[in-house]
Each structure stands twice: as C-alpha cells, then as structure tokens.
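Residue strings, one per chain:
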Amino acid sequence: MTVLAAGDVSPGLLGFVVVALIGVALYMLIKSMNKQMSKIQVPHAGDKDKKAE
C-alpha cells in the first residue's frame, strides 16, 4: 500500500472540469436572470400621480 504525503494529492483534471462546469452554469444563470429582470416594468412615482388625476 502506498502512503501519500499531504502535498502529493491534487484535484487533477476532474476537479478542474467540475469547477469549470459550475462556472459555466453560474454564467448562464446570471445571463438568464438579467434577461428576466429587464422584462419587469416598474411603475414610477410620477405614473401614480398621473393616474390619480
């Protein structure tokens, strides 16, 4: 059985791929959220006064 020192272990390619996929998913989620937020129409204070007249 081989015993590794604490500095000999690294995440390797699989760890990089997992982190990269999480980064891509985060980018896509933020892009989608910005698209949805731009569709929201917020009424302004001036619009409320015009309706009251």
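Just so you know, these numbers come straight off a predicted model, no measurement behind them. (Residues numbered from 1 in each chain as written. Predicted model: local features only at pLDDT ≥ 70, side-chain atom pairs only at ≥ 80, totals over all residues. Heavy atoms only, no water.)

**So, the overall build of the protein chain**
Reasoning step 1: When helices and strands are tallied, the protein chain shows 2 helices and 0 strands.
Reasoning step 2: Of all 53 residues assigned to the protein chain, the portion counted as buried reaches 0%. (Helix = DSSP H or I, 4+ residues; strand = E, 2+ residues; numbered from the N terminus. Buried < 20%, exposed > 50% of the residue type's maximum accessible area, 1.4 Å probe, protein only.)

**Looking at helix H1 (residues 12-39)**
Reasoning step 1: End to end, H1 covers 42 Å across 28 residues, agreeing with the expected 40 Å (1.5 Å per residue, within 8%).
Reasoning step 2: In terms of burial, H1 is a largely surface element, 0 of the 28 residues being buried. (Expected span 1.5 Å × (residues − 1).)

**With respect to a nonpolar patch on the surface**
Reasoning step 1: On the surface, Leu-26, Ile-30, Met-33, Met-37, Ile-40 and Val-42 cluster together into a nonpolar patch covering about 600 Å² of accessible area.
Reasoning step 2: In this structure, Ile-30 sits in helix H1.
Reasoning step 3: In this structure Ile-30 comes out as partly exposed when scored by relative accessible area, which is 40%. (Patch = residues over 30% accessible without salt bridge, like charges linked within 9 Å, V, L, I, M, F, W, Y side chains within 5 Å. Areas by Shrake-Rupley, 256 points an atom, 1.4 Å probe, with all protein chains shown as cover. Salt bridge = Lys/Arg side-chain N within 4 Å of Asp/Glu carboxyl O.)

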